[in-house]
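# Tertiary structure, described
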Amino acid sequence: MHNDPRATATALLPLVGGPANVVSVAHCVTRLRLVLADRTRVRDADLRALPGVLGVVEDGPSYQVVLGPGTVGRVAEAFESLLAEHGGTADALARRGAELRARQQRRNATPLKAALRRVANVFVPLIPALIGCGILAGVAGLLRNLRLLPGLTPALTALSAAFMALIAVFVGHHTAKEFGGTPVLGGAVAAVVVYPGVAQVTPFGAPLAPGQGGVLGALAAALLGCQVEKWCRARLPGTLDVLLTPTLTVLVAGLATLYVLMYAAGEVASAVGTAATWLLATTGALAGLLLGGLFLPLVMLGLHQALIPLHTTLIDQQGHTVLLPLLAMAGAGQVGAAVAVYVRLRHDTSLRTTIRSALPAGLLGVGEPLIYGVSLPLGRPFLTACAGGAAGGAFVGFFAMLGTEVGATAIGPSGWALFPLLAGDRGLAVTAAVYGGGLLTGYVVGFAATYLFGGLGGVRGPGDAGAVCDSEGHEPRPADRPGPRPASPR
């Protein structure tokens, strides 16, 4: 059934409470993200046991069903189609979802997590364009270095660079949409950051540079524009609101952007680039160990998307982000840990089936299926996977200390999928060799740590009394009994 998106969606709908209980539907690379009217109507055990469901995550108001890359998009489309057939409308769902999301975020989320989640919501829709343009940039660079197809190279360069040149506008649009403003006004205010005419503005005795402040300046400009717009709409009567609110929003937020925010954000962006370069050059092995080891918990909490502004800033400044290859090592540790579980628990056919289906995605850097379907429910293998990621990060960071910098020209892909996007100061061959060495280190250490210290040694074969318990102390299931395993802790 799980190969049929329509069948999967049909099975999911009653398990989450039916059409009336679904407030909004969205999806990311691996998860179907639902906002529900009544959480208690979800039949958790039946949903987790559904073929094709790799796990369940609750993140604030969002109930997230992990389905894996590729599958989730098709299931989400079929799910929305079912809702429409039952009389739901996208606009109505969006309005109800916005109301419930705002209410539950105020009640449940800590201020820091809420802020990071909302910033992530601004940048997540941009990832497909970042991936596509990054790959085109890598192809253009390869053709240029090999001196092949000189007539095509400029066209590929233009296609890859156009989005990055205007990314501030998209950031402003999505920021206003996320924070309650008018999206087109957010884009209009942020557009000033990349407008060539800002070179004629001299706020501190020196002309501004187009793009100064980058995505951070655009984010700040749109946030300010939202506040100005809300202030105006709360005070101006309807007839004046139509004319004065957009005018004052663009004027006030635009002037503040030109005379304050672009300069301040430019300084912050420069500091980010300087700090990243210094960190790797002086403490690369330690920095890599920490970043590689801590990234899986960030993915588990859904907070890893908040790093997108930092990646985008580094790409805008230096042409590549040096953080992503380090963070990608976490996925290597996860893969090594999953293989160790597969080898040790040879009699657990259900878990081995999950690993076989999720491992290809893990090799390409999509870690959620392995996290929520394998390592996290088992408990200790999640920690040993982090150890593998730390080892791979330390490997790449050590070479950064020696002067071999490894970066990525775009964000989104990871694992083996990151090879076409690699960039560095020692040539593609050396850069790929260091990155590949980091992956291999993560695989080996993740496998060895899990095999030796993953708490899997007590599992016995068929007919024995051995049992597998999850990390939350749930009722153990005999290791040789077929059937679904809980995919994530409650």
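Residues numbered from 1 in each chain as written. Predicted model: local features only at pLDDT ≥ 70, side-chain atom pairs only at ≥ 80, totals over all residues. Heavy atoms only, no water.

### Let's talk about the overall build of the chain
- Helix and strand counts for the chain stand at 17 helices and 8 strands.
- Counting every position in the chain, which comprises 490 residues, the buried fraction comes to 48%.
- Restricting to contacts in the chain with at least 6 residues of sequence separation, those with at least 24 account for 70%.
- Of the accessible surface of the chain, which amounts to about 21700 Å², a share of 66% is contributed by carbon and sulfur atoms. (Helix = DSSP H or I, 4+ residues; strand = E, 2+ residues; numbered from the N terminus. Buried < 20%, exposed > 50% of the residue type's maximum accessible area, 1.4 Å probe, protein only. Contact = heavy atoms within 4.5 Å. Areas by Shrake-Rupley, 256 points an atom, 1.4 Å probe, with all protein chains shown as cover.)

### As for the sheet that holds strand 3 (residues 55-59)
- Pairing in this open sheet of 4 strands is antiparallel, and the strands run 1-2-4-3 from one edge to the other. Each having just a single partner strand, strand 1 (22-27) and strand 3 make up the two edges of the open sheet. On average, adjacent strands in this sheet sit at an angle of 25° to one another, irrespective of strand direction.
- Relative to strand 4 (residues 62-66), strand 2 (residues 31-36) runs antiparallel, the two sharing 5 bridges. Note on strand 4: the bridge partner recorded for Leu32 is Val65.
- Along the sheet, helix 3 (residues 71-85) makes contact with strand 1 and strand 2, crossing strand 1 at roughly 155°.
- Lying over the sheet, helix 15 (residues 368-378) contacts strand 2, strand 3 and strand 4, oriented at roughly 85° with respect to strand 4. (Pairing = 2+ DSSP bridges. Axes fitted to C-alpha atoms, helices over the stretch in contact; angles between N-to-C directions.)

### A few points about the environment of Ala140
- Note that Ala140 resides in helix 6 (residues 127-146).
- Taking the relative accessible area as the measure of exposure, Ala140 reaches 1% and is therefore buried.
- Setting aside its immediate chain neighbours within four residues, Ala140 contacts Thr153, Leu156 and Thr157.

### Quick word on the environment of Ala358
- Relative to the helices and strands, Ala358 is located in helix 14 (residues 349-363).
- Remark: the alpha-carbon pair of Ala358 and Leu67, spanning 291 residues in sequence, is separated by 9.8 Å.
- For Ala358, the residues in contact, after removing those within four places along its chain, are Pro369 and Leu370.

### Points about the nonpolar core
- Judged by nonpolar contacts, the single largest core of 62 residues is most densely connected at Val171, Val341, Leu418 and Tyr435.
- Of all the elements, helix 13 (residues 323-344) adds the most residues to this core, at 9 residues. (Core = buried A, V, L, I, M, F, W, Y, C linked by side-chain atoms within 4.5 Å.)

### Describing the confidence of the model for the chain
- Looking at the chain, pLDDT values average 82 and 86% of them are 70 or higher.
- Mean pLDDT values over the elements of the chain span from 36, in strand 7 (residues 467-468), up to 95, in helix 9 (residues 183-191).
- Note on residues 88-98: pLDDT is under 50 here. Beyond four places in sequence and across chains, it has 11 contacts. (pLDDT = per-residue confidence, 0-100.)

### Regarding helix 16 (residues 380-401)
- Its 22 residues give helix 16 an end-to-end C-alpha distance of 32 Å, which sits within 8% of 32 Å, the value for a rise of 1.5 Å per residue.
- Note on helix 16: the residue one or two positions beyond its end, Gly403, has a positive phi of about 105°. (Expected span 1.5 Å × (residues − 1).)

### Details of empty space enclosed by the protein
- Counted under the stated rule, the structure contains 2 cavities of 30 Å³ or more.
- In this model, the largest cavity occupies a volume close to 40 Å³.
- Surrounding the largest cavity, Leu280, Val322, Pro325, Leu326, Val396, Ala400, Thr404, Glu405 and Val406 form its lining.
- Counting residues per element, the ones that place at least two in the lining of the largest cavity are helix 13 and helix 16.
- Among the residues forming the lining of the largest cavity, the class breakdown is 7 nonpolar, 1 polar and 1 charged.
- Considering only enclosed or pocket space, the second largest cavity measures out at about 40 Å³ in volume.
- Lining the second largest cavity, in full, are Ala328, Gly331, Ala332, Val335, Gly362, Leu363, Gly365, Ser414, Gly415, Leu439 and Tyr443.
- Only helix 13, helix 14 and helix 17 (428-453) provide two or more residues apiece to the lining of the second largest cavity.
- For the lining of the second largest cavity, the leading source of residues is helix 13, giving 4 residues. (1 Å grid on protein atoms, 1.4 Å probe; cavity = no way out; pocket = protein on both sides within 12 Å on 5 of 7 lines; lining within 4 Å. Points joined across faces, edges and corners; volume = space filled by probe spheres on them. Nonpolar A, V, L, I, M, F, W, Y, C, P; charged D, E, K, R; others polar.)

### Section: the pattern of salt bridges
- Using the criterion set out here, one finds 5 salt bridges in the structure.
- Its salt-bridge partner being Glu178, residue Arg118 comes within 3.2 Å of it at the nearest N-O pair. With Arg118 in helix 5 (residues 111-123) and Glu178 in helix 8 (residues 167-178), this residue pair connects regions lying 60 residues apart in the sequence.
- Between Asp241 and Arg233 there is a salt bridge; the shortest N-O distance is 2.9 Å.
- When salt bridges that share partners are traced, they join Glu229, Arg233 and Asp241 into one network. (Salt bridge = Lys/Arg side-chain N within 4 Å of Asp/Glu carboxyl O.)

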